[in-house]
Amino acid sequence: MASSSSPHVSTARQPLRQLRIPGERANGAAVVAAVLGVPRREARVALRAHARRIEAAAWSAAAGLEPRTNSGGRRRGEAAVCAAPGQVAGRSAGVGRSAGMEVALATAAVVAMGTGNRVLYKLALVPLRQYPFFLAQFATFGYVVVYFSILYLRYQAGTVTDEMLSLPQKPFILVGLLEALAAAAGMAAGAVLSGASIPILSQTYLVWQLLLSAIFLKRRYKVNEITGCFLVTVGVVITVASGSGAGASFQSSGILWPLLMILSFFLQAADTVLKEIIFIDAAKNLKGGSVDLFVVNSYGSAYQAIFMCLLLPFLSKLWGIPFHLLPTYIRDGAACFLNMGSLSSGCEGAPLLPLLFVLVNMGFNISLLHLLKISSAVVSCLASTFSVPLSIYAFTLPLPYIGVASTLPPGFVAGAVVLIAGLLLYSLPQPQNCGKTLDKRNE
């Protein structure tokens, strides 16, 4: 919709007209767009792009960075390799401290959302205990609708640009394929393995993260970081395995299903590392800009939904649902979800509990992707891992619909102490010697 022809510009936007990028003439497109009354979305896009260029120039001036050259990709990769945990590469010390605070807040959000996600999933299955496959598919396809709705609103507001939407689609297709295959492998193994063994096997996810980041992102991890990740893994295993009978579960399930679950976590790790690569490459393609995380979420979820449709015959068989009866199963699951009709008996708590789970799960995915964007795949994995003992403790509380609260496993305190020690060890500040390293490489 075009704006009115009045040349009036709000006072909130007037300061942008006086800003200039150091060493360059100001781009007048933003001001002209607002003054001449071009469509409002285009004006907002121009103003936001102008502000992003000013911000990027300020960071470059503060950090003493040279303009991008033909070797900019190599320099960017080297800076990312040298970046300390929780610090965005290429920023000055002051901006780095601000980025560190942003990472800390994002980590807290991931931990809180991750804990709520695990607890609410258990609660959502109380009314939908006969329809877990329906809940999984409802979440998968529901996210596509919600993410693209948010993407459209952000596009209209000028936050998402045409350049972001025109990024190469092959990485997003691969993201969707990895997520669909990971879900299929996880469902197949999860139908056989016990609940206590899955969190233990999930610690291989962190190992895959370290290996894939070292291979594809050329990251070098210090001794304290590797040791910290190891302690985090040990802490979770101690917390979950103590008194759970996980060892007997592994013996009874054989070797195939644990290996399939490990493959599922490998695919998930590859997915998160690929998303980090997408963010890094997008910064280069957008000339210093940053792709909006809802672009990544929306495209990835859409392709995942497409691949899930192709896998539906296989997935329905895993859940013991004949494919020709799948429409009936979906219809009955929807009736239980809405808590309506003759099939609503035993569906008490719906639709509130399933909807709460879907909303919190969506918030968890968004916060996790945001943390990955501003830090790294390994940091996001560590934050997500910290929610495991917190969710175990949450189930000892008198939660509704659960019944008798569970008791803490004998090794909970010891495991939590080891886990926290690992997180602290990983986060130890390191001396900033990246400049010397880069200088030696450039000689």
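Residues numbered from 1 in each chain as written. Predicted model: local features only at pLDDT ≥ 70, side-chain atom pairs only at ≥ 80, totals over all residues. Heavy atoms only, no water.

Looking at the overall build of the protein chain
Put simply, the rule reads: Only DSSP runs of H or I covering at least 4 residues are called helices, and only runs of E covering at least 2 are called strands; the numbering of each starts at the N terminus. For each residue, the accessible area found with a 1.4 Å probe, counting protein chains only, is set against the maximum for its type, and the residue is called buried under 20%, exposed over 50%, and partly exposed in between. Residues count as neighbours in contact if any of their non-hydrogen atoms are within 4.5 Å of one another. For the area figures, the Shrake-Rupley method with a 1.4 Å probe applies, and any residue is considered shielded solely by the protein chains shown.
Across its full length, the protein chain carries 18 helices and zero strands. Residues counted as buried form 45% of the 443 residues belonging to the protein chain. Across the protein chain, contacts joining residues at least 24 apart in sequence account for 82% of those joining residues at least 6 apart. For the protein chain, the exposed surface amounts to about 22,300 Å²; the carbon and sulfur share of it is 67%.

Examining the state of the cysteines
A covalent bond bridging the sulfur atoms of two cysteines is what the word disulfide describes. Selection rule: The term disulfide is used for any two cysteine sulfur atoms that are within 2.5 Å.
Under the definition given, this model contains one disulfide. Disulfide pairing is shown between cysteine 336 and cysteine 347; the S-S distance is 2.0 Å. Sign of the S-S torsion, about -115° for the bond between cysteine 336 and cysteine 347, identifies this disulfide as left-handed. Taken together, the residues span a long stretch of sequence, with cysteine 336 in helix α14 (residues 326–338) and cysteine 347 in the loop between α14 and α15 (352–374) at a distance of 11 residues.

Comments concerning the pattern of salt bridges
The condition that has to hold: Only one rule defines a salt bridge in this text: a Lys or Arg side-chain nitrogen within 4 Å of an Asp or Glu carboxyl oxygen.
Enumeration over the complete set of coordinates arrives at five salt bridges. A salt bridge links arginine 154 to aspartate 292, with the shortest nitrogen-to-oxygen separation between them at 2.6 Å. In this pair, arginine 154 sits in helix α5 (residues 132–156) while aspartate 292 sits in the loop between α12 (256–285) and α13 (293–318), placing the two residues 138 residues apart along the sequence. Overall, arginine 154 belongs to the partly exposed group, its relative accessible area being 27%.

With respect to the packing of α5 against α14
Condition: Lines fitted to the C-alpha atoms define the axes, with helices restricted to the stretch that makes contact. Angles between their N-to-C directions range from 0 to 180 degrees. Angular relationships are summarised with four words: roughly parallel below 35 degrees, roughly antiparallel beyond 145, roughly perpendicular across 65 to 115, and oblique for the angles in between. Ten residues, namely Ala, Val, Leu, Ile, Met, Phe, Trp, Tyr, Cys and Pro, are considered nonpolar, four, namely Asp, Glu, Lys and Arg, are considered charged, and the remaining ones, Gly among them, are considered polar.
Contact geometry of α5 with α14 gives a least axis separation of 9 Å together with a crossing angle of 85°. When the axis of α5 is compared with that of α14, the two are roughly perpendicular. Each of Pro132, Phe133, Phe134 and Phe138 in α5 lies in contact with α14, whose residues at this interface are Leu326, Tyr329, Ile330, Gly333, Ala334 and Phe337. For the contact of α5 with α14, the per-class residue count stands at nine nonpolar, one polar and no charged.

Looking at the nonpolar core
Here is the rule we go by: For our purposes a nonpolar core is just a set of buried Ala, Val, Leu, Ile, Met, Phe, Trp, Tyr and Cys residues, chained together by side-chain atoms within 4.5 Å.
One finds Phe172, Val291, Val295, Leu371, Val378 and Leu382 to be the most contacted residues of the largest nonpolar core, which totals 95 residues. Excluding its chain neighbours within four sequence positions, the residues that come into contact with phenylalanine 172 are Leu167, Ile278, Val295, Val296, Tyr299, Gly300 and Tyr303.

Some thoughts on unusual backbone geometry
Omega for the peptide link from alanine 350 to proline 351 comes to 0°, which places this bond in the cis form. Within the secondary structure, proline 351 sits in the loop between α14 and α15. In the Ramachandran plot, lysine 218 falls in the positive-phi region, its phi being about 55° despite a non-glycine side chain. Take lysine 218: it is sitting in the loop between α9 (204–216) and α10 (223–241). On the basis of relative accessibility, which here comes to 57%, the residue lysine 218 falls in the exposed class. In this structure, asparagine 339 is a non-glycine residue whose phi angle is positive, near 60°. With respect to the secondary-structure elements, asparagine 339 resides in the loop between α14 and α15. Under the relative-accessibility criterion, asparagine 339 is labelled partly exposed at 30%.

Points about the packing of aromatic side chains
Selection rule: Working definition: a ring pair exists when centres of Phe, Tyr or Trp rings (six-membered ring for Trp) sit within 6.5 Å. Plane angles under 30 degrees give stacked, over 60 give edge-to-face, the rest tilted.
Taken as a whole and judged by the stated rule, the model has 12 aromatic pairs. For the pair phenylalanine 138 and phenylalanine 337, a centre-to-centre distance of 4.7 Å together with 45° between the ring planes defines the contact as tilted. One end of the pair, phenylalanine 138, is in helix α5; the other, phenylalanine 337, is in helix α14, and 199 residues separate them in sequence. The rings of Tyr131, Phe133, Trp319 and Tyr329 are connected pair by pair, giving a single aromatic cluster.

Topic: the confidence of the model for the protein chain
Spelled out, the test is: Confidence of the predictor in every single residue is expressed as pLDDT, which spans 0 to 100.
Of the residues in the protein chain, 72% have a pLDDT of 70 or more, and the chain-wide mean is 79. Note on residues 1–38: pLDDT is under 50 here. Beyond four places in sequence and across chains, it has 38 contacts. Scored below 50 in pLDDT, residues 55–95 shows 45 contacts in the model against residues more than four places distant or in partner chains.

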